[in-house]
Every structure is written in structure tokens, then in C-alpha cells.
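Reading the structure
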Amino acid sequence: MHIEFGSDWNTGFMEELAGKLKREIKDNIFSLPPEIGEGFSKKIDIDKDLRFIIHSYNLNEPMTANRKAALANVGLLTFRFLYYQKSDKSYLSNVQVLNDTIDVTDYFPPHTSICYVIVKIRLQKLLSILEIHPESKEFSAFTNDLNRPFIYQESMTPEMRGVLMELSEYKDMGHWKSCIAR
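What comes next concerns the included structure. (Residues numbered from 1 in each chain as written. Predicted model: local features only at pLDDT ≥ 70, side-chain atom pairs only at ≥ 80, totals over all residues. Heavy atoms only, no water.)

What about helix α2 (residues 123–130)?
Quick reminder of the rule: Whether a residue is buried, partly exposed or exposed follows from its accessible area with a 1.4 Å probe, protein chains only, as a fraction of its type maximum: under 20%, in between, or over 50%, in that order. Counting from the N terminus, the helices are the DSSP runs of H or I reaching at least four residues and the strands are the DSSP runs of E reaching at least two. To obtain the arc, one takes the directions from the helix axis to the C-beta atoms.
Of the residues making up α2, those classed as buried are Leu123, Leu126 and Leu127. Buried residues in α2, looked at end-on, bunch into an arc of 100°, giving them a common side. Seen from the buried face of α2, the exposed residues on the opposite side, beyond 90 degrees, are Gln124 and Ser128. Looking one or two residues past α2, Glu131 carries a phi angle of roughly 55°, positive in sign.

Overview of the packing of aromatic side chains
Keep this limit in mind: Between the rings of Phe, Tyr and Trp (Trp by its six-membered ring), a pair exists once the centres lie within 6.5 Å; its type follows the angle of the planes, with under 30 degrees stacked, over 60 edge-to-face, and the other angles tilted.
Summed over the entire model, instances satisfying the criterion amount to four aromatic pairs. A centroid spacing of 5.4 Å and a plane angle of 85° characterise the contact between Tyr84 and Phe108, whose relative ring orientation is edge-to-face. One end of the pair, Tyr84, is in strand β6 (residues 76–86); the other, Phe108, is in strand β8 (residues 104–108), and 24 residues separate them in sequence. In terms of burial, Tyr84 and Phe108 fall into one category: buried.

Quick look at unusual backbone geometry
If a residue is not glycine, its phi is most likely negative; likewise, a peptide bond is most likely trans. Located in the positive-phi region is Lys22, a residue other than glycine, with phi close to 55°. Tracing the backbone shows Lys22 in the loop between α1 (13–20) and β2 (29–31). The phi dihedral of Asn28 is positive, around 60°, even though this residue is not glycine. Inspection of the secondary structure puts Asn28 in the loop between α1 and β2. For Asn28, a relative accessible area of 34% gives the class partly exposed.

A closer look at the sheet that holds strand β5 (residues 63–68)
The strands making up a sheet associate through hydrogen bonds between their backbones, and the pairing can be parallel or antiparallel. Worth spelling out the cut-off: Two strands qualify as a pair provided DSSP detects at least 2 bridges between them. Axes here mean lines fitted to C-alpha atoms, for a helix over just the part in contact, with angles spanning 0 to 180 degrees between N-to-C directions. Should any heavy atoms of two residues lie within 4.5 Å, those residues are considered in contact.
One open sheet holds the three strands; their spatial order is β1-β5-β8, and the pairing between them is mixed. Edge positions in the sheet fall to β1 (2–6) and β8, since each of these pairs with one other strand and no more. For this sheet, the mean inter-axis angle between neighbouring strands, taken without regard to orientation, is 15°. Strands in contact with α1 are β1 and β5; relative to β1, the strand with the most contacts, it is inclined by about 135°.

Things to note about the sheet that holds strand β7 (residues 91–99)
Strand order across the open sheet formed by seven strands is β2-β3-β4-β9-β6-β7-β10, with antiparallel pairing between neighbours. The open sheet terminates on both sides in strands that have one partner only, identified here as β2 and β10 (151–155). Ignoring strand direction, the axes of neighbouring strands in this sheet form an average angle of 10°. Direction of pairing for β6 relative to strand β9 (residues 112–122): antiparallel, over a ladder of eleven bridges. Within β9, the position partnered with Tyr84 by the bridge is Ile114. Of the strands in this sheet, β3 (37–47), β6 and β9 are in contact with α2, which crosses β9 at around 85°.

Here you go:
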């Protein structure tokens, strides 16, 4: 299965997958149909500038997800925390930070377990949370020439994988609200 989606705020993988499979998104949760596998996607809007999207799947068939770049940068950053494990127990885990002017393609082979947490945040919100001035040298990679594609990737530590796995199990919004309030 191939899913193509935009990198803007309003559309994404969950909406495109639900549309392709003619499935409903209810209470910001999409459940994977049994013929494809098992699992869910959950969108959590913290506020108008910060969103979490949790994907937790066990796939029966291969899937390709192609995120298309925005035509112009609108100051949206995406943090992607990805862990997937194949049936032979080999795995891939990484963290990526990217802006909205870069295409990204992910391929998930059949019989793969996926834990994938996306954090979308507008640049001004991130700067505000971190109390960083937009002109600071620490943040220049994000603020200079925003129309240039940007991606940064690192391996995920075992501790980060543990947190990711735990987060991917929470389908209930109440638990998320209590975690965020801390």
C-alpha cells in the first residue's frame, strides 16, 4: 500500500490512510482494518501550534508513506520518533527533526511492528517554549533560510525507545492530558 500526504498542518498520514481505506476517524482516532493489520493512529492537539500524532501498528502487508514537501515554508517543524521491528526481531529506531520543505519516504515491510510518534510544532511556539530568541545562534539552522530543506537525524537511545513504546500504548486522551500537565 502506498500513502502520499502533505506536510502542512491540516493534512497528514492518518487522514490520507483513512480516506484510502474508506475508514472513519472518530474522536481523532483511526483504527487499522484487520486485513491490513492491527493498531491505531491518534491525533492530540495540545493547542493551535502543537500537535502529537501517535501511530502504533502491526502490519500484515508492506506500506510506503510519502510525505510531500510544502511549496513554501510556513514555519512548521516536525519531530519524528520512529521505532519499528521486523518479524526477524531486527529493528530500526531514530529521531528526526525536519522542516516542511523536504520530502520524506518511509517503507515498512510486511509483518512489522511500528511505534511512531510525530510532534508538529510551529517554530514560534517552539522558540517561546524554549525561551530562545529567533536570532540566537543555537537555533540558526531552523531560522536561517527557512525555505531550504532541513533534516537532522540521530539514533534513538534505549531509554527513548522505552518512552516511545509507552507513549504508543496510550489511546486514552485523559492519560495524555495528565502526562502533559506535569
